[in-house]
Amino acid sequence: MDISIIIPTLNEANYISKTIDRLHANKSGKLELEVIVVDAGSRDETVNTIKERTNQLVVDSTLAGTKYKSLNRGVELAKGEMLLFLDADTFLPHHFDLQIKEALSQIDVVGGAFEFGFNREGVVYRIIEWINRIRYRIDNRYFGDQAIFCKRETFDLVDGYPQEPIMEAAYFCKALRAIGKLVLIKSPILTSARRFEQGHVLKVLLKDTWIWIQFTLGLSVKRYALAYWQENQSSE
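Quick notes on the rules
Residues numbered from 1 in each chain as written. Predicted model: local features only at pLDDT ≥ 70, side-chain atom pairs only at ≥ 80, totals over all residues. Heavy atoms only, no water. 1 Å grid on protein atoms, 1.4 Å probe; cavity = no way out; pocket = protein on both sides within 12 Å on 5 of 7 lines; lining within 4 Å. Points joined across faces, edges and corners; volume = space filled by probe spheres on them. Helix = DSSP H or I, 4+ residues; strand = E, 2+ residues; numbered from the N terminus. Core = buried A, V, L, I, M, F, W, Y, C linked by side-chain atoms within 4.5 Å. Buried < 20%, exposed > 50% of the residue type's maximum accessible area, 1.4 Å probe, protein only. Pairing = 2+ DSSP bridges. Axes fitted to C-alpha atoms, helices over the stretch in contact; angles between N-to-C directions. Contact = heavy atoms within 4.5 Å.

Caption draft 1: Local environment of empty space enclosed by the protein. For the coordinates displayed, the defined rule picks out one cavity of 30 Å³ or more. Considered as a void within the structure, the largest cavity measures approximately 50 Å³ in volume. In this structure, the largest cavity is lined by Pro8, Lys67, Leu71, Phe85, Leu86, Asp87, Gly144, Ile148, Tyr161, Glu168 and Ala169. When residues of the lining of the largest cavity are traced back to their parent elements, those giving at least two are α3 (67-77) and α7 (168-177).

Below, the structure is given as structure tokens:
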């Protein structure tokens, strides 16, 4: 197996099928892929929708609110030499698999992510895109909606995703950077703008920025985790 794609889900019936369809449509066909979905107890039709469309499916309601556990659980089942962590509402770019392989073949590179992009038109979304793009070019820490990838051996070396209920991807990138380089693939993913649409754009942007500032300053952001995941769970 070349690449294991791990997708955590919770009430994603409106998105997961399209994400898997796009994944298969945009793969090169030259590498062997497996799709692993780890569901944290969806109450909608998520599980029924994907039963026949994954290589492996885990359903465990105790994972709700702890995305890092879902990601680590998926890796336990993975057979791939490379790992790709994909949000259930994010579309991968054309020949994403070959781009990952090429990126990880570079000397000292242990992981990376894709350029951030929204699936919505509009000036406000372009502004948020560029804010994000400037941010991760400065701190070299990517978020989960950028389809982070790494070598399996590297994942094991850093003991997987850290036990952080929020900002788990940024903490993971910090651990990866301690042992090697992270690269940015310039082909953008397209992720859902639903959080911004439903939570009011400026309000969500300010809240996310405030959490990122505190994280960057080395302050604990765990107190924001429960509210964040309750809002995220209700975003359909």
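Don't stop here, the text continues.
Caption draft 2: Highlighting the nonpolar core. Of all hydrophobic cores here, the largest spans 63 residues; its most connected members are Leu84, Phe85, Ile100 and Phe114. Of all hydrophobic cores here, the second largest spans six residues; its members include Ile166, Ile211, Phe215 and Val221.

Caption draft 3: Focus on the sheet that holds strand β6 (residues 109-115). An order of β3-β2-β1-β4-β7-β6-β8 is seen for the seven strands of this open sheet, with the pairing classed as mixed. The open sheet has two edge strands, β3 (56-59) and β8 (181-188), and neither has a second partner. The sheet shows a mean angle of 20° between the axes of neighbouring strands, direction not considered. When strand β1 (residues 3-9) meets strand β4 (residues 82-85), the two strands line up parallel, connected through four bridges. Looking at β4, one finds that Ser4 is bridged to Leu83. Packed onto the sheet, helix α4 (residues 96-104) meets β1, β2 (33-39), β4, β6, β7 (149-151) and β8 and runs at close to 145° relative to β6. The sheet strands contacting α7 are β4, β6, β7 and β8, and the helix crosses β8 at an angle near 130°.

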